[in-house]
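Reading the structure
So the chains spell out like this:
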Amino acid sequence: MSDNLTRRHALALTLAAPLVLRLSPAGATPETMRLAIEEFTRGAPVEQAAEGAIELKIPLLVENGNSVPLSVRVTSPMTPEDHVEEVAIFNEVNPLPDTVRFRFTPRSGTARADTRIRLNGTQRVHAVARLSDGRHIETYVHVTVTAPACREV
Amino acid sequence: MAALLNVPETAAPGEIVEIKVLIQHPMETGFRTAQGGGLVPRNIIHTVSCHYMGEEVFSAELFPAVAANPYLAFTLVAEESGEVEVRWTDEAGEEFSQSAPITVG
């Protein structure tokens, strides 16, 4: 009997262990992403970008979440008086909402950057741009991911 | 740590040129389960910066959501002949850099 219990406990532990590990990183949610965006803007309001002001390109259907091409471009003259200072990418499903941040200078010439990211599931990916006049503008794309990243052994 | 840095050999003064860099690095997220239990310790490249004519012209802050072997493409305004240097640092404290010349004129 006591033998049985021990076995049962042992079995339960083995089954539970991977579950605990999977749950331990809290994981981003639309709410924690919003908090991360507020931290980025230092509480300043974020306007929805006008049509074409931010071009955020990510495939709409992704088969492999481990390497997803991302390209972002913000329309700007990139002069010392009027330029894009920083563009931050946020997600709402990965373990952390922060994804990548690009810092530009007038000598960048354009506010454009490409990279490859990991996406842990179907979600919206947001781009928030900080402009040199202190305004923040935002856009997002919805990405469907069939094979998520991050938790593979 | 190996990296491929792509800088155009020549450019006209004032031309906007594209710089591409591909850095070999696992970008270990710290969320991956190791074989035998536990998590693989996190080690990512956290900063990549590009320097040209004695100034930082572009930089990026990377998080674990950047894919392994980070790839970055960005632009700069070609003004003078010189070196375009890309520097990066990972969380193990390792600093690296690679540069390539550009001829402007």
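Residues numbered from 1 in each chain as written. Chains lettered and ligands numbered in written order. Predicted model: local features only at pLDDT ≥ 70, side-chain atom pairs only at ≥ 80, totals over all residues. Heavy atoms only, no water.

Looking at an unreviewed UniProt entry, one finds chain B named Sulfur compound chelating protein SoxZ, with Wenxinia marina DSM 24838 as its source organism.

Under an unreviewed UniProt entry, the name given to chain A is Putative secreted protein, and the source organism is Wenxinia marina DSM 24838.

Focus: the overall build of chain A
In terms of helices and strands, chain A carries two helices and nine strands. Long-range pairs, those at least 24 residues apart, make up 66% of the contacts in chain A between residues at least 6 apart in sequence. A total of about 8100 Å² of accessible surface is found on chain A, and carbon and sulfur atoms cover 57% of it. (Helix = DSSP H or I, 4+ residues; strand = E, 2+ residues; numbered from the N terminus. Contact = heavy atoms within 4.5 Å. Areas by Shrake-Rupley, 256 points an atom, 1.4 Å probe, with all protein chains shown as cover.)

What about the environment of Y52(B)?
Tracing the backbone shows Y52(B) in strand β4 (residues 45-52). The exposure class of Y52(B) is buried, given its relative accessible area of 1%. Along the primary structure Y52(B) and E83(B) are separated by 31 residues, whereas in three dimensions their C-alpha atoms are 6.4 Å apart. Residues in contact with Y52(B), not counting those within four places in the same chain, are R107(A), V57(B), L76(B), V77(B), A78(B), E79(B), E80(B), E83(B), V84(B), I102(B) and V104(B). A polar atom in the side chain of Y52(B) sits 2.9 Å from the backbone nitrogen of E79(B). (Buried < 20%, exposed > 50% of the residue type's maximum accessible area, 1.4 Å probe, protein only. Polar contact = N/O pair within 3.5 Å; in protein donor to acceptor, adjacent residues only side chain to side chain.)

As for the nonpolar core
Within the largest apolar cluster, 59 residues are counted, with the highest numbers of intra-cluster contacts made by V84(A), I89(A), F102(A), F104(A) and I102(B). Counting seven residues, the second-largest nonpolar core is a separate cluster that includes I37(A), F40(A), A88(A) and V128(A). (Core = buried A, V, L, I, M, F, W, Y, C linked by side-chain atoms within 4.5 Å.)

Looking at the interface of chain B and chain A
Facing 36 residues of chain B, the contacting portion of chain A comprises 31 residues. For the pair chain B and chain A, the summed buried area comes to about 3000 Å², and 53% of that belongs to carbon and sulfur atoms. Linking chain B to chain A there are four salt bridges. Put simply, R107(A) and E55(B) hold a salt bridge, and the shortest N to O gap is 2.9 Å. Our enumeration of links across chain B and chain A arrives at 21 residue pairs in polar contact (both at pLDDT 80 or more). Elements with a contribution of two residues or more to the side of chain B that touches chain A: β3 (16-23), β5 (55-62) and β6 (71-77) of chain B. Ranked by the residues each element gives to the side of chain B that touches chain A, the list is headed by β5(B), at eight residues. Class assignment of the residues belonging to the side of chain B that touches chain A gives a composition of 23 nonpolar, six polar and seven charged. (Buried area = accessible area lost by both parts, 1.4 Å probe. Salt bridge = Lys/Arg side-chain N within 4 Å of Asp/Glu carboxyl O. Nonpolar A, V, L, I, M, F, W, Y, C, P; charged D, E, K, R; others polar.)

A look at the side chain of H25(B)
Note on placement: H25(B) falls in the loop between β3 and β4. Within the local environment of H25(B), its side chain forms a polar contact with the backbone nitrogen of M27(B), the two atoms lying 3.0 Å apart.

Considering the side chain of H136(A)
Residue and element names in this part refer to chain A. For H136, the location among the structural elements is in strand β9 (residues 136-145). Separated by 3.3 Å, the side chains of H136 and R130 make a polar contact. A distance of 3.5 Å separates a polar atom in the side chain of H136 from the backbone oxygen of G134. Once you skip the residues sitting within four places of it in the chain, H136 turns out to touch F40, T41, A44, P45, V46, E47, V128, A129 and R130.

Section: the packing of aromatic side chains
A full pass over the atoms with the stated rule returns five aromatic pairs over all chains. Ring plane angle 20° and centroid distance 5.7 Å describe the contact between W88(B) and F96(B), whose orientation is recorded as stacked. Of the residues examined, W88(B) reaches a relative accessible area of 1% and is grouped as buried. Residue F96(B) is classed as buried on the basis of its relative accessible area of 18%. A cation sits over an aromatic face here: R130(A) above F40(A), 4.4 Å from the ring centre. (Phe/Tyr/Trp six-rings, centres within 6.5 Å; stacked < 30°, edge-to-face > 60°. Lys NZ or Arg CZ within 6 Å of the ring centre and 35° of its normal.)

Quick word on the pattern of salt bridges
Per the counting criterion, the structure on display carries 16 salt bridges over all chains. One salt bridge in this structure joins E47(A) and R135(A), with 3.0 Å as the shortest N-O distance. In this pair, E47(A) sits in strand β1 (residues 47-48) while R135(A) sits in the loop between β8 (123-131) and β9, placing the two residues 88 residues apart along the sequence. R135(A) gets classed as partly exposed once you look at its relative accessible area, which sits at 36%. In this structure, D98(A) and R101(A) form a salt bridge, with 2.8 Å as the shortest nitrogen-oxygen distance. Take D98(A): its relative accessible area is 13%, and that puts it in the buried class. A cluster of three or more residues bridged by salt bridges with shared partners is formed by E85(A), E86(A), R103(A), R130(A) and E61(B).

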